[in-house]
Amino acid sequence: MSLATTSGFFLVILQTSMSASRRLPLSSPATTPPRRGLRTFCNASEKLQQQRSSPRNYPKAKAIRSGDLGEILATEYITEQTSYEAPVKRLRWKDHRNMAMRGDDVIGIVKDPATQRLQFLKTEAKSRQVLAAGVVADAREALDKDNGLPSAHALSYIASRLHEQGSHDLADAIDDAQLKLGIPPQTVRHMLFTFSGNDPTAQLTASLQGYGGAIAQSSVGVRVETHGEFIGAVYDLVIANANND
C-alpha cells in the first residue's frame, strides 16, 4: 500500500471538563478538519527521516517500529493541534534502534501568558494493531507515576538537550520549575494517545471515566484499519528517500 491510499482513517478526541483552575486548553476538535488531520499524520514519514540520518539506524523489529511511529504521531499532534510544543524529539537520541526508550514518551510545554509559569502536557503513546483495555491500563499507570507529574528525569533530560541546542531560556525555565517553583498538579494535563487498527473509543472512554485524580485528562485515538501496512509503508518510504539522498 501507499500512504496516499491509507484506508479507515479517523480521529477520536475525548477530554474531561476543565477544572475550576485556569488552564490552557487544547485546540477544539471542531477546528481540526479531517483532511488537515490526515495530512498531519502522513507527515510522520518526513519527521521519521529527520530523526535518523542512515537507513541502518531505523528499527527492524515491528513492535519497535510501531512504538516509535506512535510516539512521533503523538509529538506531531501536540505540535500542530494543541497550544503546547514538544521542544525535544527524544528519538533523535535513541541509542539502540531495536530497543524502546524509557521514561515519559512525550512532554508538551507552554508558558501561561498570565502567570508566566510553565504548563506541561504529560503524554503516553501506545501503538497496537488491536488496542486492548490492558494496553490502555498500562498507559494510565505510566501517566499516574510520579504523582501524575512529569518525571524529574524526563524534565532534566529535556533541559539538557535544550541547553545543547542553545535554547537556554526554556531550559532555565524548566530547571526553575523543578528546583525553585515546583510543579503544581493544576499546571499539568495528561494525554493518552493511541494509534491502532481498531476503534479505540470504548477503551479510551472507560479509562477517562475511571480516572479519579485531580489532573485534567485528554485522550486522542488515531485509527488506521491497515495499521501494520501503514507502518510498513511509512518506513519503506523513509528508507527509500534516505537511500536516494
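No experiment lies behind these values; they were computed from the predicted model shown. (Residues numbered from 1 in each chain as written. Predicted model: local features only at pLDDT ≥ 70, side-chain atom pairs only at ≥ 80, totals over all residues. Heavy atoms only, no water.)

Engineer: I'd love a proper account of the overall build of the chain, names of residues and values included.
Structural biologist: Regarding its fold elements, the chain presents 8 helices and 5 strands. Taken from N to C terminus, the helices and strands of the chain fall in the order β-α-α-α-β-β-α-α-α-β-α-β-α. The buried share among the 245 residues of the chain stands at 50%. Taking all contacts inside the chain whose residues are at least 6 apart in sequence as the whole, residues at least 24 apart take part in 77%. (Helix = DSSP H or I, 4+ residues; strand = E, 2+ residues; numbered from the N terminus. Buried < 20%, exposed > 50% of the residue type's maximum accessible area, 1.4 Å probe, protein only. Contact = heavy atoms within 4.5 Å.)

Engineer: Describe the pattern of salt bridges, naming the residues involved and giving the relevant values.
Structural biologist: Tallied over the full model, the rule gives 5 salt bridges. For the salt bridge of Glu-164 with Arg-161, the shortest nitrogen-to-oxygen distance reads 2.7 Å. Taken as a pair, Glu-164 and Arg-161 lie in helix 5 (residues 152-165) at a separation of 3 residues, close to a single helical turn. Given the relative accessible area of 13%, Arg-161 is considered buried. Ionic pairing is found between Glu-225 and Arg-223, a salt bridge with its closest N-O pair at 3.4 Å. (Salt bridge = Lys/Arg side-chain N within 4 Å of Asp/Glu carboxyl O.)

Engineer: Pulling in residues and values, what's your account of the confidence of the model for the chain?
Structural biologist: Residues of the chain with pLDDT of at least 70 account for 70%, and the chain-wide mean is 77. Within the chain, helix 4 (residues 133-144) carries the highest mean pLDDT (96), whereas helix 1 (residues 34-42) carries the lowest (45). Per-residue pLDDT stays below 50 along residues 17-40; that stretch engages in 43 contacts with residues further than four places along the chain or on separate chains. (pLDDT = per-residue confidence, 0-100.)

Engineer: I'd love a proper account of the environment of His-163, names of residues and values included.
Structural biologist: With respect to the element layout, His-163 can be found in helix 5. We classify His-163 as partly exposed; its relative accessible area is 29%. When sequence neighbours within four positions are dropped, the list of residues in contact with His-163 reads His-168, Ala-171, Asp-172 and Asp-175.

Engineer: Summarise unusual backbone geometry; cite the residues concerned and give the values.
Structural biologist: The residue Gln-116 is not glycine, and still its phi comes out positive at about 65 degrees. Its place among the elements puts Gln-116 in the loop between strand 2 (106-111) and strand 3 (118-128). Of the residues examined, Gln-116 reaches a relative accessible area of 49% and is grouped as partly exposed.

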